[in-house]
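Structural description and commentary
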Amino acid sequence: TGSGLNLFETTAIARYVARLSKNNLLGTIPEETAQVDQWVSFGDTEISANGSAVRYMINGYVPYNKPIDTFYRDRNTRALKVLEAYLATRTFLISERITLADISVASVLKSQFSWLLGPEERALYPNTVRFFETIANQPAIKDVWGESVYADKSAVYTPPAKPKKEAAPAAPKPANAPAPKKEKEPEADEEEEPLVPEEPKAKNPLDDLPKSNFNLEQWKREYSNRDTRGAGGSLEYFYQNFDKEGFSLWKCKFKYNDELTLTFMSSNQIGGFFNRLEASRKYLFGSMGVLGEANNSIIAGCFICRGQDYKPVIDVAPDWESYDFEPINLENKADKAYFEASLAWDLEIDGKKWADGKNFK
């Protein structure tokens, strides 16, 4: 600036420029200013950040990982659904005129519409597209942004082509070359041992447990393909086949529910926890949910673990100690009801009803 002020970070610069405007881009009252900050932050952390994580992987800036790609795309979808519902009855985010919040969120959408969200995805968010086009076609903004570019399809990861090996030209065979003398093969006891012996692969102690007749992978398929309750349901299959000697059941509840805010963000937290349990997939099944409403919710559910202790299965996730675990006794009526409700996604605790959930399978 003329005064010698040097600013960095996009949001700080945007707020400074908005404050110089005569159009009240930061709102006219403190409540509106707070909402502007809220939506600018939402666009940055709930939409832009998730899209960037996907973009870094599919462009090769970081190693590609399919589960992580799916995780961030799901987070992005949830954020867009929140925005779509909010815009159903609104032209702008805050008031009846444009603010910095509208410009900031629309700039994030401009990027994602150009590569991440193809026609099929954009069709799911008509209110969001309408909002974006309203902002993008404001004369002062269009002069800077130019024409909007829309992706023909959602960008996906394409593995790099393996380079072809060129065959080395064959050496000319000398005429009448004498046959090479065959060297004497060393005796078996004369063979050299490798300088560095190969280390044996570490074996998971859970693989040493006595074989169980309960096939966890089959249970996962039955759970996915049947109704949970009722005749012929997955619970009926479970009780007919469960091996209580080879597996154990556990309640799982988040310890810090007072830190939870929006339910979709809590559901994303469950998804992140499940992603970090990937190394135990063959030993574990889980059903966890968010119960309650925004700013008044809890995370709870259950796990089916190989063996009689949850810790060797669960502690592969660095954040496992953020959850409390309690054994489920199917002979106990309350425990059995909790287990069945967790699987059926109709668990209710202290008046808080199941709002959203995820399965680890």
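Up top you'll find the structure we're talking about.
In what follows, the accompanying structure is described. (Residues numbered from 1 in each chain as written. Predicted model: local features only at pLDDT ≥ 70, side-chain atom pairs only at ≥ 80, totals over all residues. Heavy atoms only, no water.)

**Comments concerning the nonpolar core**
With 37 residues, the main nonpolar core has Trp39, Leu83, Leu93, Leu109 and Phe131 as its most contacted residues. Only helix 2 (30-58), helix 3 (66-86), helix 4 (100-113) and helix 6 (126-136) provide two or more residues apiece to this core. Setting aside chain neighbours within four positions, we find Phe131 in contact with Leu87, Thr91, Leu93, Asp102, Val105, Ala106 and Leu109. (Core = buried A, V, L, I, M, F, W, Y, C linked by side-chain atoms within 4.5 Å. Buried < 20%, exposed > 50% of the residue type's maximum accessible area, 1.4 Å probe, protein only. Helix = DSSP H or I, 4+ residues; strand = E, 2+ residues; numbered from the N terminus. Contact = heavy atoms within 4.5 Å.)

**Structural notes on the environment of Met265**
Note on placement: Met265 falls in helix 10 (residues 263-275). Under the relative-accessibility criterion, Met265 is labelled partly exposed at 32%. Remark: the alpha-carbon pair of Met265 and Ala79, spanning 186 residues in sequence, is separated by 8.7 Å.

**Structural notes on the packing of aromatic side chains**
Summed over the entire model, instances satisfying the criterion amount to 30 aromatic pairs. Here Phe132 and Tyr150 contribute two aromatic rings whose centre-to-centre distance is 6.3 Å and whose plane-to-plane angle is 90°, an arrangement assigned as edge-to-face. With a gap of 18 residues between them, Phe132 in helix 6 and Tyr150 in the loop between helix 7 (139-145) and helix 8 (216-225) connect regions that are remote in the sequence. By relative accessible area, Phe132 is classed as buried at 1%. For Tyr150, a relative accessible area of 28% puts it in the partly exposed group. Here Trp219 and Tyr223 contribute two aromatic rings whose centre-to-centre distance is 5.6 Å and whose plane-to-plane angle is 50°, an arrangement assigned as tilted. (Phe/Tyr/Trp six-rings, centres within 6.5 Å; stacked < 30°, edge-to-face > 60°.)

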